[in-house]
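So you can see what is in the structure, the chains are spelled out below.
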Amino acid sequence: MKNLLRALTGPRARRRYLWTAISLVTVITLIYQVANWRGATAWKRAQDRLAEEGESFDLKKLVPPPIPEEENFFGTPALYGISITEHGDSQAGRRGEQRQRLQHLNPGRRVSGKRKDHPKLAPSGPQSGTPRDLSPVFDYVKETGSLPLDPAATGSVAAQFLAAFEDADAELFSELAAAARRPRSQVAPDLTTLAGGKRLFEISLPHYQALQSLCTALTYRAAAAARCGDGQRAAESIEIMLRMGEGVGTEPALISLLVTMLFDFLTIDAIWEATRCDVLDADTLERIQRSLSQIDYQSIYLRATRAELLMGLDAIDFIGREGGEAIKLIGYLGGAPSPALGNLLRLAPRGWIDQNRSHLVHWNLDYIILPARDGTLDELSKGLLRIE
């Protein structure tokens, strides 16, 4: 027993332990150095390639040049600065009041203390060839008071719906209809949220819910106006929706592409309703056609996917630098990872982070950005299929 203890703790054993520890540290250091060198080299190649392709790492360069307020649909007082968050609270200040004003026009909005289920809607529009059924939403409005209905009114559902929208905020609809005649539309993203060390994926987009509420209201307003033979209000609603879609499409975020597509889908549904009822004159139809022809989905798509690439790179960098905070973010997004994972992320070689960033750049360029920028729709479709 004494011989065993002497063998385990004696001078020769301690030299072996020291040699083993030094060897282990050397191997780990070499692994880290090689991983970091390979990662830095790959990241440098990705940066060079991005520059050679004429792409940029600056999100601000994806934002179109500002246009004069008097030429901008979103320069009208009811919408001006709607993307700005005051004091970190989307409901605070004048901007918060602007957004709440739009949200209160949504006939399907939730009303405190009233029924929680939304009205069930059957498929409608040009795809199904079925007119929009106003009755379920109208019944919801009567039950919840989401719009001001006249209890003494006896007209058709469409007529009462149209009157309810005007009673809710005729001034706003009039202002937006006038602004829709302005030549251009642009939403200025609130990039001030990047101040103070915040990340790209923390950019605030508080206005989308409000604009979606307004678009929903305009869809029902257009359908109701068309069935009442009111071509003017139907046309106003359609042209406002077109300007909204155009403006949202100028924002550098993937969600902006999706919201633009939603607005355009609802706009086409409203156009179909109006043309079905034959309430739009030739001049109005020509104006609508001109607006539709100006939608540049290629630019909207490229702006959105470029921004998504930059936000993805920023997220990877954040995970590499702030392992613990990154784990909190992942948990917030819907997971429940172990806190120990954050410590493991801190121990990962920086080269692994750089490798992931370089792969993301090449992947986006090869399958998304370059096919959309330089190729055909068929090439883009093939690239997206490879991703799947």
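For the structure, check the block above.
The notes below deal with the structure included here. Just so it is clear, the model here is predicted, and its values are computed rather than measured.

A few words now on the packing of helix H5 (residues 157–179) against helix H6 (residues 208–227). Remark: H5 packs on H6, axes separated minimally by 10 Å, with the N-to-C direction vectors making an angle of 125°. With respect to each other, H5 and H6 are oriented oblique. Considering only the axes of H5 and H6, their crossing is left-handed. In contact with Ala158, Phe161, Leu162, Phe165, Glu166, Phe173 and Leu176 of H5, H6 contributes Leu214, Ala217, Leu218, Tyr220, Arg221, Ala224, Ala225 and Arg227. Here the contact of H5 with H6 is built from residues that sort into 12 nonpolar, no polar and 3 charged.

On to the side chain of glutamine 186. If you trace the backbone, glutamine 186 turns up in the loop between H5 and H6. The exposure class of glutamine 186 is buried, given its relative accessible area of 9%. Within polar-contact distance, the side chain of glutamine 186 engages the backbone nitrogen of isoleucine 67 at 3.4 Å. Not counting residues up to four positions away in its chain, the partners in contact with glutamine 186 are Pro64, Pro65, Pro66, Ile67, Asn72, Phe74, Gly247 and Thr250.

This part is about the packing of aromatic side chains. Under the defined criterion, the tally for this structure stands at 6 aromatic pairs. Above the plane of the ring of tyrosine 220 lies arginine 132, whose end atom (NZ or CZ) is 4.9 Å from the centre. A cation over an aromatic ring shows up here: arginine 357 above the ring of tryptophan 43, its NZ or CZ 4.1 Å from the ring centre.

To continue, consider helix H3 (residues 93–103). All of the buried residues in H3 are Arg95, Gly96, Gln98, Arg99, Leu102 and Gln103. Down the axis of H3, the buried side of the element spans an arc of 155°, and every buried residue falls inside it. Elements in contact with the buried residues of H3: H5 and H6.

Let us now look at the packing of H3 against H6. Between two packed helices, what matters for the description is the angle formed by their axes and the separation of those axes. It is at 7 Å that the axes of H3 and H6 come closest, and there the two elements cross at 30°. Between H3 and H6, the angle is such that the two are roughly parallel. Crossing of H3 over H6 shows left-handed handedness. Taken together, the residues of H6 that come into contact with H3 (itself represented by Arg99, Leu102 and Gln103) are Gln209, Ala210, Leu211, Ser213 and Leu214. When the residues that make up the contact of H3 with H6 are grouped by side-chain class, the tally is 4 nonpolar, 3 polar and 1 charged.

Before going further, it helps to spend a moment on the environment of alanine 153. Mapped onto the elements, alanine 153 comes out in the loop between helix H4 (135–144) and H5. Using a relative accessible area of 30% as the deciding quantity, one classes alanine 153 as partly exposed. Linking alanine 153 and alanine 163, residues 10 residues apart in sequence, is a C-alpha distance of 9.6 Å.

A word on the environment of alanine 35. Tracing the backbone shows alanine 35 in helix H2 (residues 11–52). Sequence spacing of alanine 35 and glutamine 355 is 320 residues, and the spatial spacing of their C-alpha atoms is 8.9 Å.

Further remarks concern the side chain of threonine 260. Tracing the sequence through the fold places threonine 260 in helix H8 (residues 254–276). Judged by relative accessible area, threonine 260 falls into the buried class, the value being 1%. From its side chain, threonine 260 meets the backbone oxygen of serine 256 in a polar contact 2.7 Å long. Ignoring anything within four residues of it in the chain, the contact list for threonine 260 reads Gly245, Val248, Gly249, Tyr297 and Ile300.

What follows is about a nonpolar patch on the surface. A contiguous nonpolar surface patch, about 540 Å² in accessible area, is contributed by Leu24, Val27, Ile28, Ile31, Tyr32 and Leu347. Sorting elements by how many residues they give to the nonpolar patch places H2 first, with 5 residues.

What follows deals with the environment of arginine 276. The topology assignment puts arginine 276 in helix H8. For arginine 276, a relative accessible area of 39% corresponds to the partly exposed category. Sequence separation between arginine 276 and alanine 226 is 50 residues, and the spatial gap between their C-alpha atoms is 8.5 Å. Sequence-distant contacts of arginine 276, defined by excluding residues within four places in its chain, comprise Pro131 and Arg227.

Across its 20 residues, H6 extends 29 Å between first and last C-alpha, which sits within 8% of the 28 Å expected from 1.5 Å per residue. Taken across its 20 residues, H6 has 16 buried, putting it largely inside the fold. Of the residues one or two after H6, glycine 229 is the one with positive phi, at around 75°.

Its identity as a non-glycine residue notwithstanding, aspartate 278 has a phi of 55°, on the positive side. Checked against the element boundaries, aspartate 278 lands in the loop between H8 and helix H9 (282–293). Of the residues examined, aspartate 278 reaches a relative accessible area of 65% and is grouped as exposed.

The rules behind each value
- Residues numbered from 1 in each chain as written.
- Predicted model: local features only at pLDDT ≥ 70, side-chain atom pairs only at ≥ 80, totals over all residues.
- Heavy atoms only, no water.
- Axes fitted to C-alpha atoms, helices over the stretch in contact; angles between N-to-C directions.
- Helix = DSSP H or I, 4+ residues; strand = E, 2+ residues; numbered from the N terminus.
- Parallel < 35°, antiparallel > 145°, perpendicular 65-115°, else oblique.
- Left-handed = near helix turned anticlockwise from the far one by under 90°.
- Contact = heavy atoms within 4.5 Å.
- Nonpolar A, V, L, I, M, F, W, Y, C, P; charged D, E, K, R; others polar.
- Buried < 20%, exposed > 50% of the residue type's maximum accessible area, 1.4 Å probe, protein only.
- Polar contact = N/O pair within 3.5 Å; in protein donor to acceptor, adjacent residues only side chain to side chain.
- Phe/Tyr/Trp six-rings, centres within 6.5 Å; stacked < 30°, edge-to-face > 60°.
- Lys NZ or Arg CZ within 6 Å of the ring centre and 35° of its normal.
- Arc of directions from axis to C-beta.
- Patch = residues over 30% accessible without salt bridge, like charges linked within 9 Å, V, L, I, M, F, W, Y side chains within 5 Å.
- Areas by Shrake-Rupley, 256 points an atom, 1.4 Å probe, with all protein chains shown as cover.
- Salt bridge = Lys/Arg side-chain N within 4 Å of Asp/Glu carboxyl O.
- Expected span 1.5 Å × (residues − 1).

Function-wise, these values are silent; they only describe arrangement.
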